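Next come the chains, spelled out residue by residue.
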There are 4 protein chains.
Amino acid sequence: MNDKSVKVAVVGASGYTGQELLRLLLMHPCVDLTAVTSRQEAGRKLTDLFPRFRGAKGTESLAFMAPDIDAIVESGATVAFLALPHGVASEFAVPLLERGLRVIDLSADFRLRSAAVYEEFYGAPHPAPELLEQAVYGLPEFYEEEIKSASLVASPGCYPTSILTPLVPLLMAGLIDPESITVSSLSGVSGAGKKADTTLLFAEVNESLRAYGAPKHRHLSEIEQELSIAAEREVKVSFVPHLMPVKAGIATTIFCNYLPSSETVSEEVGNTLQTAYDSRPFVRILGEGNFADTKNVTGTNFVDIGWVVDTRTNRLILSSAEDNLGKGAASQGIQSFNLMNSLPETCGLLNF
Amino acid sequence: MNDKSVKVAVVGASGYTGQELLRLLLMHPCVDLTAVTSRQEAGRKLTDLFPRFRGAKGTESLAFMAPDIDAIVESGATVAFLALPHGVASEFAVPLLERGLRVIDLSADFRLRSAAVYEEFYGAPHPAPELLEQAVYGLPEFYEEEIKSASLVASPGCYPTSILTPLVPLLMAGLIDPESITVSSLSGVSGAGKKADTTLLFAEVNESLRAYGAPKHRHLSEIEQELSIAAEREVKVSFVPHLMPVKAGIATTIFCNYLPSSETVSEEVGNTLQTAYDSRPFVRILGEGNFADTKNVTGTNFVDIGWVVDTRTNRLILSSAEDNLGKGAASQGIQSFNLMNSLPETCGLLNF
Amino acid sequence: MNDKSVKVAVVGASGYTGQELLRLLLMHPCVDLTAVTSRQEAGRKLTDLFPRFRGAKGTESLAFMAPDIDAIVESGATVAFLALPHGVASEFAVPLLERGLRVIDLSADFRLRSAAVYEEFYGAPHPAPELLEQAVYGLPEFYEEEIKSASLVASPGCYPTSILTPLVPLLMAGLIDPESITVSSLSGVSGAGKKADTTLLFAEVNESLRAYGAPKHRHLSEIEQELSIAAEREVKVSFVPHLMPVKAGIATTIFCNYLPSSETVSEEVGNTLQTAYDSRPFVRILGEGNFADTKNVTGTNFVDIGWVVDTRTNRLILSSAEDNLGKGAASQGIQSFNLMNSLPETCGLLNF
Amino acid sequence: MNDKSVKVAVVGASGYTGQELLRLLLMHPCVDLTAVTSRQEAGRKLTDLFPRFRGAKGTESLAFMAPDIDAIVESGATVAFLALPHGVASEFAVPLLERGLRVIDLSADFRLRSAAVYEEFYGAPHPAPELLEQAVYGLPEFYEEEIKSASLVASPGCYPTSILTPLVPLLMAGLIDPESITVSSLSGVSGAGKKADTTLLFAEVNESLRAYGAPKHRHLSEIEQELSIAAEREVKVSFVPHLMPVKAGIATTIFCNYLPSSETVSEEVGNTLQTAYDSRPFVRILGEGNFADTKNVTGTNFVDIGWVVDTRTNRLILSSAEDNLGKGAASQGIQSFNLMNSLPETCGLLNF
C-alpha cells in the first residue's frame, strides 16, 4: 500500500460484478481492501470462492464477512462499492452515507432522477427517494465534475453505457432525429448474474441466440433519461437486448435518421465524436466503416465506437462494444472512484 | 431406394452448404445420389472428408468427382443442386439446363430479376442474364406453384429468408410502414463458408461479436426486391449483419412502424401471420411476447417467428430464427426439390 | 402410426436425457408416445418446455403428466423409459414391471450385479436388490440376446459406453494387460444434467476445462464390472472425467500396455475390433492413426474408435467418441427398445 | 519509461504468441519496445492489426517493421524475443547474439541438448548446433541461476511446462515410478497458431474435441529430456495432446504409479511440491482433492497443480493448468527476461 491508498469495502462481492471489482481492486495501486462482504459466503476465504485470485497481494488474509454496517465502518473503509440487487443496495447506501462513507452503487437504485419512473420500471416504490437529488449518474465522460465531489455515485447499467456514449454527443449536436432511434444490443451471459437458473446453463446458451426483455427492459428508463437530457426534449427509443453465447461483452448496433446532408454527415459525426472524447481515455473512436468487436474490450474499461452512413435510407448506423462487467459495471465504478479520490482517472484501469 | 427415387447430383459439395445438403440427401427416402463433385476433393471418398457420414446408406461407394458436365449427365441425375460461389454457379447451370437437368442453385446468380441490380451489388456483369426470366425465387412459402414447374430454382440467401418470412405478409396486408424498416441479423460462422481465413479461426471468433458488411450487404438486393413486390412499391431497408460465435443459426430482429392502432396491431399481426402460414409446415408462429431462439431451429428447415408491440414508440419488433445452412440454404433447396418432384413438401425434412 | 407401433411412456422427461429421448421417439416410425411425465412440469404442453419439437407429429396434444403409475399403465404403454435420478428410478421400475410393462432404465439403479458394490459407490443400500438378477446391462453390442427378451434393461452410463466398447474385445482377446489401464474422459455439460447449479452456468464453463470426480467416480463400478467379465479376472482402472465446454459429446483416451509384439499389435488390435463390430451398425472403427472427434457423433447413436501404437513405451492408446446423450444414454436405450420389440436395431436411429 | 527500462525487440509479432508478448510488454513498467517485426505486416500500424492495444502507452507510434537484423540492432534493443517457427528462429538468433543482443527464443530451436534428438523429432538437421551448449532451458522454476546470466534462453513449449512442473520435483524425490507415466493434455486453439487452416475454423472446433499428434508429438523430446534429468535415468512417457474448444488454456492430467505407501503418499507429494515451489511466485499448489481449472490461469503466468491418490490402483493422478500463451509461452519468456535484467521476477506479470 502506498501513501495515497484509499480504504475500500465491497458489499456483495460474490457475484460476477463483485468478482470483477475484486479483480481490479486487488491490482489497483492505490486501494486497500478492508472489507469484502457476502451474505452466503460469509466466513469463507476469498481465494476459496475465487481461486483465480490466489497470489494477489493481500488475498491470503482476506475472507468474506457478513454484510454488517458496523463491521464495514470499523474496517476503516472510506469508500464502499455496492454490488447488490436493486432495492437491496439502498438498504446499505443509506446507513453507510450516514456513517460518512462515500458510496459507489452499481445497482439501479439511484440512477433515475424520478422516483415515479423508478416505480414504473422497477415495479415498486423507490426505497430512498430522498437520496435521488444528491446521487450523481456515474458516467465520467459526461459527469466528471459532479462525480469528483459526489458522496453517492449511481454507476450506470451495462446496456446504457454502450448506448449513451455514441448517442449523447450526436443528440447534443443535433445531428440525428431523436424520434428515429432503434437499438439492438447483445450481452454476454455474465450480464444475467451468477444465478442458479437453468436458462443460463452452458447447455442452454451455447449455440443459441435469443432476444429477451423487449419492449420495456428496465435499462430503458435510464437510457431515455440521459438521451432526453442530451436532446433537451423527451426521447423514446426502441431497444431489444439479446443473450449471446460469450462470457462477457456487449455489442450494440444503433439505427437512426441523420439530419445533415448525406455528403457531410460522416464528417460531422466523426468530428463531433472526436471532439467529445478527445480527452477521454476510455472512449476509442474507430472511425467510419469500422465496427466495434467485443473481443477488443473484454477485461478493459474501454468502449469502442464505429459507424457507417447508409445514404440509401438516410440512416446513420452506430456500432459500440464494451465489457458488460467492465465499462458496463465494475471498471466504470472504479473510474468514478479514481475521480472521487483525486487519483488519475486511468489509475489501475489501463489493462489490455 | 424406392420407386419414387430421384437421381440427384450435388455440384460443389465440399463446403458447409454442400455438407448439409449431403447430410439431408443421404437420409432422404426418395433420393439417389449419383454424383457428388468437388474440384479440390476429386477422387477422395466422401466419408474421408466427412467422417460423420460413415454408415449412411450408399456412402461406402461414394467419392467426390471433378465437376464435369458430361460426367454429371452420365450419372443419370435429373436434378442438380449447385452449392457454388456466385458467378461460378451459372457456368454449370447453363449447360446442365441445356442437357435437360433441373437445377436448384443455392448461389446468388439467379435470385435477382434485374441484371443491373446484380451488377450493382455483385460488382460484375451478370453471367447469364438470359436465364433470369425463367428462374424462380425458391421461397416455397411464396412461390410454391412456380417452383413446382420450374427448371431453374434460385434458392434464397440465408439472411433474406429470415427477413422475408416475417415481413412479406405484413407488407402485403399494409400493416407496417415500408419506409421504417431496420434489421439487425446475426449469423453463425458457417455462414461465412469453409474458407482458410484467419478472421474465422476459433481463436478469433469465440468470445467475440462483431458487425460487418453494412450498409450494403449483397443480400440487401434480394431482400428489397421481394419486399418491394410485397408492398407494391419500392422498399429500402437498413440492414446490419453480425458474426456471432455459434456454428450455425441466424437470429433476426426487425424494427418497423406499425400502421393500425396500438390496440389492435398485435391481433392484426398475429392473424395475418397465422393466415399466411397456416398451411405451411416450416413456418412456426410463436405468438406475441415470444422471441425466436436459434437453438430451436438448428439442423431443421423451420423458421420461427415471434413479435412484441412497442406502443411507447409505435413500433412493431419482429424476431425470427432459422438455421443458415437449413432454411437459409440446404434444406430450403430440398423443400423446393420436393415440390418440383411431386413429393410431400416435408419429405426428408421433418428433423428435430 | 403404423401397425408395428409400440406404445411408449417416458418417465422423467424434462431433463436432457428425457429431452433427447423425446426427440428421437417423436421421429421414430414405430413409436406411439402415450405418456410423458415430469413432476415439475405436470400440466404443461410438451412444446412449451421444448419449442424445438413444435411441428413434430403428435406434439400438439402431448402434455407432461405427473408421474403416476396408474396413469402410465392406463395410457396403454407397454414399454417405459425411465430418465430419473438413481434411487428414484427403482421406485418406478418395481411397480411398472409388476403391472406388466417392460422397463428401460437409464439410471444407475440396475447396472450392477452386486448390491454391495452399488452401496459402496452410491452410498446407500440398493433400493430393489431382488431385481438385480433379472436386469440386463443394456449394451447391445455385448448383450443383444439377453436384451431381446429382457423385462428390465439397465442402460449403461455415458462414460462406460465410451470405455467398454474399445476395451472389452481387446481384453477378451488377451491383447492388453488388465492392470495397466488409465482412462481420461471428457464430457459435454449436458452430462451433468439440467440442474440449477451455478458451477454449470455458461459463464463458468466457457473457456474452462476441469477434471472432477476422480479417483472414484460412480461410473467406475460398472466399468470395472464389465471389464472384469471380459478379462475373466478382476480389473481395476484409473479413471479421470473432465467437464469440457461443449453441449454434448464424450471423448475418451485410454492408455494400456499391449501384450503382443510391437510388430503385430496394431494389426491384431484392428482385426479384433473389426471382427467384434463387423455386424454392429453403431460402432465405427476408424483404424490406426485416427482419433475420434466428438463432432462426428453428436446427435447420433454411433461410437467411433481409433488407436495408435506407442512402441517407445509398449503402450496402446485408444480413442473413442460418442454423444453422452446419444450412445451414452437416450439413443442407446432406444437401440435396446428396438431389439426388445423385434424391430430393426437401427430403426429411427440412423441420423447423421 | 523509467530508469530501469530495457529496450526490447519482438521478432515475429503477428501471431498469437507475439500478440500476447506485445500485450504484456506494453503494460510492463520496465520495458521500452523499440522494434516489432512481422514479414507480412511490415509497415502496418500495430493497432491496425491489434485494435485491442489502442490506448496503450507508445502504441500510437509503433508500426510493424520487416525482420531486418540491422534495423533491430539500430533500434537500440538489448533483448530480443523471437516468436518465430522452429528453424526460422535460429536464423535470427545467431546474428542477434553476434551483435550483442540477448535472445529469448520461444521456438523449439534451442530447447534440446542433443542435435540428434532435435533431428529425430523435428525431421531436419539442427540449424545451429554450436549454440546448444550455451542455450539455457527457460523454466525459471528449475534454471533460475542459469537464466540470470544467459545470453540465449530457450523458452519451453506449452505442453512441457504443464507436465514438468508437477512431475520434476516428484521424480527428483523418488516418489513415482518413472516407467509408469501417461499424460493426457488439452490445449486451446491458439496453441495451433494463427494459421489459415480450415481445421481450425470456429465451425470445425466448436462442439468438437479431438486428440492429435500421438504417439510422438514434438514436445515429447523436451519433456523426456527434462524428466530424465530429474530422475537421473532415461524416462519415456506416453503423451496424448487434444484440441479443445477454448481460445487459450492447457489442462494436463497425469497418471503414474506412486512408490511410497498409500498411507503417506499424499502427504509426501504435498510436502515435496510445497517445498519445491514455496518461494516460486507462479506455481500455485491447490492441494489434494483439487483439480486445476484453466479458467483460473488464462491471461496469467500461473501454473496451478492439484492431485488425488487412487489407492485402489496405487496411482497418483496429477492435474495442472496454465495458459498456453502465458506460462506456456509469452509470460514465461518475460519471467526469464525479468531474471536476466535483475528485475523482480514478477515484474509486469501479476495479472489476475
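### Here's the deal with the interface of chain A and chain B
Move 1: With 47 residues of chain A at the contact, the number on the chain B side is 47 residues.
Move 2: Across the interface of chain A and chain B, roughly 3700 Å² is buried in total on both sides, 56% from carbon and sulfur atoms.
Move 3: By the criterion of area lost to chain B, the three top residues of chain A are Glu207(A), Leu209(A) and Arg312(A), representing 19% of everything that side buries.
Move 4: Taken together, chain A and chain B are joined by 6 salt bridges.
Move 5: We note a salt bridge from Arg210(A) to Asp293(B), for which the minimum N-O separation is 3.7 Å.
Move 6: Counting across the chain A and chain B interface gives 23 residue pairs in polar contact (both at pLDDT 80 or more).
Move 7: Contributions of two or more residues to the side of chain A that touches chain B are made by strand E7 (182–187), strand E8 (210–211), helix H9 (219–231), strand E9 (238–243), strand E10 (250–257), strand E12 (303–310) and strand E13 (315–322) of chain A.
Move 8: Taken together, the residues that form the side of chain A that touches chain B break down as 24 nonpolar, 10 polar and 13 charged.

### Quick look at the pairing of E10(A)
All names here are of chain A.
Move 1: With 7 of 8 residues buried, E10 is to be regarded as a mostly interior element.
Move 2: Where E10 and E13 come together, 8 bridges link them in antiparallel fashion. Bridge pairing in E13 places Asn257 opposite Arg315.

### Concerning the relation of the copies chain A and chain B
Move 1: Mapping chain A onto chain B calls for a screw motion: a turn of 180 degrees about the axis and a shift of 0.0 Å along it, with 0.0 Å RMSD after fitting. In the structure described here, the two chain copies are related by an operation that fits a two-fold rotation axis.

### Thoughts on the packing of aromatic side chains
Aromatic ring pairs are described here by two measures, namely the spacing of the ring centres and the angle between the planes.
Residue and element names in this part refer to chain C.
Move 1: Enumeration according to the criterion identifies 38 aromatic pairs over all chains in this entry.
Move 2: When the centroid spacing of 4.8 Å and the interplanar angle of 20 degrees are considered together, the rings of Tyr118 and Tyr122 count as stacked. With Tyr118 and Tyr122 both in helix H5 (residues 115–122), this residue pair falls 4 residues apart, about one helical turn. Considered together, Tyr118 and Tyr122 belong to a single accessibility category, that of buried residues.

### Brief notes about the relation of the copies chain C and chain A
Move 1: For the pair chain C and chain A, the relating rotation is 180 degrees, the translation along its axis is 0.0 Å, and the fit reaches an RMSD of 0.0 Å.
Move 2: Mapped onto chain A, 100% of the interface residues of chain C again fall at the interface, so both copies present the same surface.

### Let's talk about the domain arrangement of chain A
All names here are of chain A.
Move 1: The assigned domain composition of chain A is domain 1 (6–155 + 329–340) and domain 2 (159–322).
Move 2: When each unit is reduced to the centre of its C-alpha atoms, the spacing between domain 1 and domain 2 is 25 Å.
Move 3: The interface is formed by 24 residues belonging to domain 1 together with 26 residues belonging to domain 2.
Move 4: Across the domain 1/domain 2 interface, buried area totals approximately 2200 Å², and carbon plus sulfur atoms make up 52% of it.

### Some thoughts on the environment of Ala211(B)
Move 1: Assignment of secondary structure puts Ala211(B) in strand E8 (residues 210–211).
Move 2: For Ala211(B), a relative accessible area of 8% gives the class buried.
Move 3: In the structure, Ala211(B) is positioned 30 residues away from Pro241(B) in sequence and 5.8 Å away in space, judged by C-alpha atoms.
Move 4: Among all residues touching Ala211(B), those that are not within four sequence positions of it are Phe291(A), Ala292(A), Val240(B), Pro241(B) and His242(B).

### Brief notes about helix H9 (residues 219–231) of chain C
Residues and elements named next belong to chain C.
Move 1: Taking 1.5 Å per residue as the helical rise, H9 with its 13 residues ought to reach 18 Å, and the 18 Å between its terminal C-alpha atoms agrees with that figure.
Move 2: A large share of H9 lies buried, amounting to 12 of its 13 residues.
Move 3: Packed against the buried residues of H9 are H5, strand E5 (136–137), helix H6 (140–148), helix H7 (158–172) and strand E9 (238–243).
Move 4: Trailing H9 by a residue or two, Glu232 shows a phi angle of about 55 degrees, which is positive.

### Let's talk about helix H4 (residues 88–98) of chain B
Helical geometry: 3.6 residues make up each α-helical turn, so side chains three or four residues apart lie on a common side.
Residue and element names in this part refer to chain B.
Move 1: Of all the residues in H4, the buried ones are Ala89, Ser90, Phe92, Ala93, Pro95, Leu96 and Leu97.
Move 2: Tucked into the core, H4 has its buried residues touching strand E1 (6–11), helix H3 (69–74), strand E3 (79–82), strand E4 (102–105) and strand E6 (152–154).
Move 3: Downstream of H4 by a residue or two, Gly100 has a phi angle that is positive, lying close to 95 degrees.

### Side note on the sheet that holds strand E13 (residues 315–322) of chain B
All names here are of chain B.
Move 1: If you walk across this open sheet you meet the 7 strands as E8-E9-E7-E10-E13-E12-E11, and the pairing is mixed. Edge positions in the open sheet fall to E8 and strand E11 (283–288), since each of these has one partner strand only.
Move 2: Where E11 and strand E12 (residues 303–310) come together, 5 bridges link them in parallel fashion. Across the sheet, residue Glu288 finds its bridge partner in E12, namely Trp307.
Move 3: Contacts from helix H7 (residues 158–172) reach strand E7 (182–187), strand E9 (238–243), strand E10 (250–257), E11, E12 and E13 within the one sheet, and its direction differs from that of E13 by about 140 degrees.

### Section: the packing of H5(C) against H9(C)
Residues and elements named next belong to chain C.
Move 1: Two numbers describe how H5 lies on H9: the axes approach to 9 Å, and their chain directions differ by 145 degrees. For the pair H5 and H9, the contacting residues are Val117, Phe121 and Tyr122 in the first and His219, Leu220 and Ser221 in the second.
Move 2: Here the residues of the contact of H5 with H9 are counted per class, giving 4 nonpolar, 2 polar and no charged.

### Here's the deal with unusual backbone geometry
Residue and element names in this part refer to chain A.
Move 1: In the segment running from Ala214 into Pro215, the intervening peptide bond is cis, with an omega of 5 degrees.
Move 2: Mapped onto the elements, Pro215 comes out in the loop between E8 and H9.
Move 3: Positive phi, close to 55 degrees, is recorded for Glu207, a residue that is not glycine.
Move 4: Looking at Glu207, the relative accessible area reads 10%, which means it is buried.

### Things to note about the interface of chain C and chain A
Interface size is commonly expressed as the accessible surface area that is lost when the partners come together.
Move 1: Facing 20 residues of chain C, the contacting portion of chain A comprises 20 residues.
Move 2: Overall, the association of chain C and chain A removes approximately 1700 Å² of surface from exposure, summing both partners, and the carbon and sulfur fraction of that is 68%.
Move 3: Taken together, the links from chain C to chain A amount to 7 residue pairs in polar contact (both at pLDDT 80 or more).
Move 4: Top contributing element to the side of chain C that touches chain A by residue count: helix H8 (residues 202–205) of chain C, with 4 residues.

Criteria and cut-off values
- Residues numbered from 1 in each chain as written.
- Chains lettered and ligands numbered in written order.
- Predicted model: local features only at pLDDT ≥ 70, side-chain atom pairs only at ≥ 80, totals over all residues.
- Heavy atoms only, no water.
- Contact = heavy atoms within 4.5 Å.
- Buried area = accessible area lost by both parts, 1.4 Å probe.
- Salt bridge = Lys/Arg side-chain N within 4 Å of Asp/Glu carboxyl O.
- Polar contact = N/O pair within 3.5 Å; in protein donor to acceptor, adjacent residues only side chain to side chain.
- Helix = DSSP H or I, 4+ residues; strand = E, 2+ residues; numbered from the N terminus.
- Nonpolar A, V, L, I, M, F, W, Y, C, P; charged D, E, K, R; others polar.
- Buried < 20%, exposed > 50% of the residue type's maximum accessible area, 1.4 Å probe, protein only.
- Pairing = 2+ DSSP bridges.
- Least-squares fit on C-alpha atoms with pLDDT ≥ 70 in both.
- Phe/Tyr/Trp six-rings, centres within 6.5 Å; stacked < 30°, edge-to-face > 60°.
- Domains from an automatic or database assignment.
- Expected span 1.5 Å × (residues − 1).
- Axes fitted to C-alpha atoms, helices over the stretch in contact; angles between N-to-C directions.

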